[in-house]
Amino acid sequence: NPGPAMLPYVQGAINAIWKVCGNSALDAEAQAACAAQTFTWQGQFAAAMRRHPTARFAMLSSKTDAVQVAFNTLFGPPYSQETFYRDATLVAKSFAEHPNFRA
């Protein structure tokens, strides 16, 4: 099971295809993460929660998502529905550490 450690790998491949790194919409911290190939969209979401502590943030997820599983498998090692659910739960738990996040 690839787990959350695969996020930078999978998202790095996607970010390269979409030319995310170098985009002027990313701040210096995100640009540095891009250069180090550790940039994730989850990290951007968490950074936004830190930068805007009075704003409420939420996330909608599901227990299964065939499209996300196929997408992750396309850019990384095989990915299962069980792994998707575990990873989505871990991401939601990490977001819940922010007082302005509501699940």
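Please explain the overall build of the protein as it appears in this structure.
A count of helices and strands for the protein gives five helices and two strands. Put simply, the protein runs from its N terminus to its C terminus through helices and strands in the order α-α-α-β-α-α-β. Over its C-alpha atoms the protein spans a radius of gyration of 14 Å, differing by no more than 12% from the 13 Å that the globule rule assigns to 103 residues. Sequence separation of 24 or more characterises 63% of the internal contacts of the protein that already satisfy a separation of 6 or more. Total accessible area on the protein stands at roughly 6600 Å², and carbon and sulfur atoms take up 62% of it. For the protein, the distance from the average site of its 8 positive side-chain charges to the average site of its 6 negative ones is 6 Å.

Got a minute to help me understand unusual backbone geometry in this structure?
With glycine set apart, most residues show a phi of negative sign, and most peptide bonds adopt trans. Residues other than glycine seldom take positive phi values, yet Lys19 does so here, at roughly 55 degrees. Take Lys19: it is sitting in the loop between helix H1 (7-17) and helix H2 (28-35). Despite not being glycine, Gln37 has its phi angle at roughly 60 degrees, a positive value. Its place among the elements puts Gln37 in the loop between H2 and helix H3 (41-51). On the basis of relative accessibility, which here comes to 65%, the residue Gln37 falls in the exposed class.

Would you mind showing me how to read the pattern of salt bridges here?
Here the structure, examined in full by the defined rule, presents three salt bridges. Residue Asp27 pairs with Arg51 through a salt bridge whose shortest N-O separation is 3.1 Å. A residue pair is termed long-range when its members are at least 10 positions apart, and Asp27 in the loop between H1 and H2 and Arg51 in helix H3 qualify at 24 residues. Judged by relative accessible area, which is 28%, Asp27 ranks as partly exposed. Given a relative accessible area of 43%, Arg51 falls into the partly exposed group. Of the charged contacts in the structure, one is a salt bridge between Glu29 and Arg50, with a shortest N-O distance of 3.9 Å.

Reading the values: the criteria
Residues numbered from 1 in each chain as written. Predicted model: local features only at pLDDT ≥ 70, side-chain atom pairs only at ≥ 80, totals over all residues. Heavy atoms only, no water. Helix = DSSP H or I, 4+ residues; strand = E, 2+ residues; numbered from the N terminus. Rg over C-alpha atoms; globule rule 2.2 N^0.38 Å. Contact = heavy atoms within 4.5 Å. Areas by Shrake-Rupley, 256 points an atom, 1.4 Å probe, with all protein chains shown as cover. Lys, Arg positive; Asp, Glu negative; His and termini not counted. Charge placed at Lys NZ, Arg CZ, Asp CG, Glu CD. Buried < 20%, exposed > 50% of the residue type's maximum accessible area, 1.4 Å probe, protein only. Salt bridge = Lys/Arg side-chain N within 4 Å of Asp/Glu carboxyl O.

So yeah, pure geometry; function would need other evidence.
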